[in-house]
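# Coordinates in review
Residues per chain are reported as follows:
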Amino acid sequence: MNPIRVDAAIVEPVTLADMRAHLRLDPDNTAEDGLVESLIASARAMVELATRRVLAPGRYRVMLTAWPRDGFVPLPLSPLVALASASSVDATGIVTAFAPGLVRLAPDMVEAPGLIVSPALPSLARAAALIEVDAGYGGSGPPVPPSLMQAIRLVAAHGFEHRGDLPVTLAPMVEALIAPHRRMRL
C-alpha cells in the first residue's frame, strides 16, 4: 500500500523570496528564479526522504483490499493531520462512505501515524477501501521545524553553487539539522 498524493499544488516550506534572500541574489535579476524554485523542491524532497516526514501539506489516497487483523493500518505519512474521507468502492465503481468513527486516526500522528479500523467494517471481499488523509507540516498541520527549513535552504544553496557537480549528498551540517527529526524504521 503506497499512499498517492491527490492534490497537485505543492506549497513549498521555503519560499522563493526567502531562498533568494538566503542566496543574496540581486532583487532586479529574476532570470534564475525557475532554477531556484526547482532547487527548493528537490532540496525539500531530499530532506523528506532523509527524515521520512512530509514537509509540504497535501492530501493522500490509500487503497486497501483487506482489513488488517490487528485493526491498525500504519501509514508512511508523518505528521498525519486529518482523515478526509473513508469509503469503499465496488467492482462497478460505486463508492459508499463508511459511517463516522469506523475509521479513525491513531493517537500518535507524528511518530506512529496510522489508522485504526473497526471490526464492524464490511468485508472487502468484493470491494476496496478508499481512504484519504491530510498529511504534512504547514497548512493545517504543525509548522515546519526551523531546523528542517534551514536544512532545505542549505541543500538548495549547495545545488545553486555547485550546479552539475555530482554526487549530491547531505553535508554533515545538514545531517545534524535533520537528525533529531528522523523517523526510525523498525
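Look up: the structure comes first, before these words.
Residues numbered from 1 in each chain as written. Predicted model: local features only at pLDDT ≥ 70, side-chain atom pairs only at ≥ 80, totals over all residues. Heavy atoms only, no water.

### Considerations on the side chain of His181
The topology assignment puts His181 in the segment after helix H4 (172-178). The exposure class of His181 is buried, given its relative accessible area of 18%. If sequence neighbours within four positions are ignored, His181 has contacts with Thr51, Arg53, Pro145, Ser147 and Leu148. (Helix = DSSP H or I, 4+ residues; strand = E, 2+ residues; numbered from the N terminus. Buried < 20%, exposed > 50% of the residue type's maximum accessible area, 1.4 Å probe, protein only. Contact = heavy atoms within 4.5 Å.)

### A look at the sheet that holds strand S3 (residues 72-74)
For sheets, the rule is that strands pair by backbone hydrogen bonds, running either parallel or antiparallel. In spatial order, the strands read S3-S7-S6; together these three strands make up an open sheet with antiparallel pairing. Every interior strand has two partners, whereas the edge strands, S3 and strand S6 (103-105), have only one. When strand polarity is set aside, the average angle formed by the axes of neighbouring strands in this sheet is 25°. Bridging between S3 and strand S7 (residues 114-117) involves three bridges; their strand directions are antiparallel. (Pairing = 2+ DSSP bridges. Axes fitted to C-alpha atoms, helices over the stretch in contact; angles between N-to-C directions.)

### Considering the packing of aromatic side chains
The geometry of an aromatic ring pair is captured by two quantities: the separation of the ring centres and the angle between the planes. In total, this model carries one aromatic pair according to the counting rule given. For the cation-ring pair, Arg163 lies above Phe160, with the distance from its terminal atom to the ring centre recorded as 4.3 Å. (Phe/Tyr/Trp six-rings, centres within 6.5 Å; stacked < 30°, edge-to-face > 60°. Lys NZ or Arg CZ within 6 Å of the ring centre and 35° of its normal.)

### Some words on the nonpolar core
The nonpolar side chains of soluble globular proteins are, as a tendency, buried together. With 23 residues, the main nonpolar core has Met19, Val47, Leu55 and Ile178 as its most contacted residues. For this core, the elements supplying multiple residues, two or more each, are helix H1 (16-23), helix H2 (33-51), helix H3 (146-161) and H4. When residues of this core are assigned to their parent elements, the largest contribution, eight residues, is made by H3. Val47 has contacts with Leu55, Leu148, Ala151, Ile152 and Ile178, leaving out every residue within four places of it along the chain. In terms of nonpolar packing, the next biggest core, distinct from the first, is built from 21 residues, Ala86, Phe98, Val117 and Val133 among them. (Core = buried A, V, L, I, M, F, W, Y, C linked by side-chain atoms within 4.5 Å.)

### What to know about H2
Count 3.6 residues to each turn of an α-helix, and residues three or four apart come out pointing the same way. Counted at 1.5 Å a residue, the expected span for H2 with its 19 residues is 27 Å, and the 27 Å between its end C-alpha atoms agrees. Among all positions in H2, only Asp33, Val36, Leu39, Ile40, Ala43, Arg44, Val47, Glu48, Ala50 and Thr51 are buried. Buried residues along H2 sit against H1, H3 and H4. A positive backbone phi angle near 60° is found at Arg52, which sits one or two residues after H2. (Expected span 1.5 Å × (residues − 1).)

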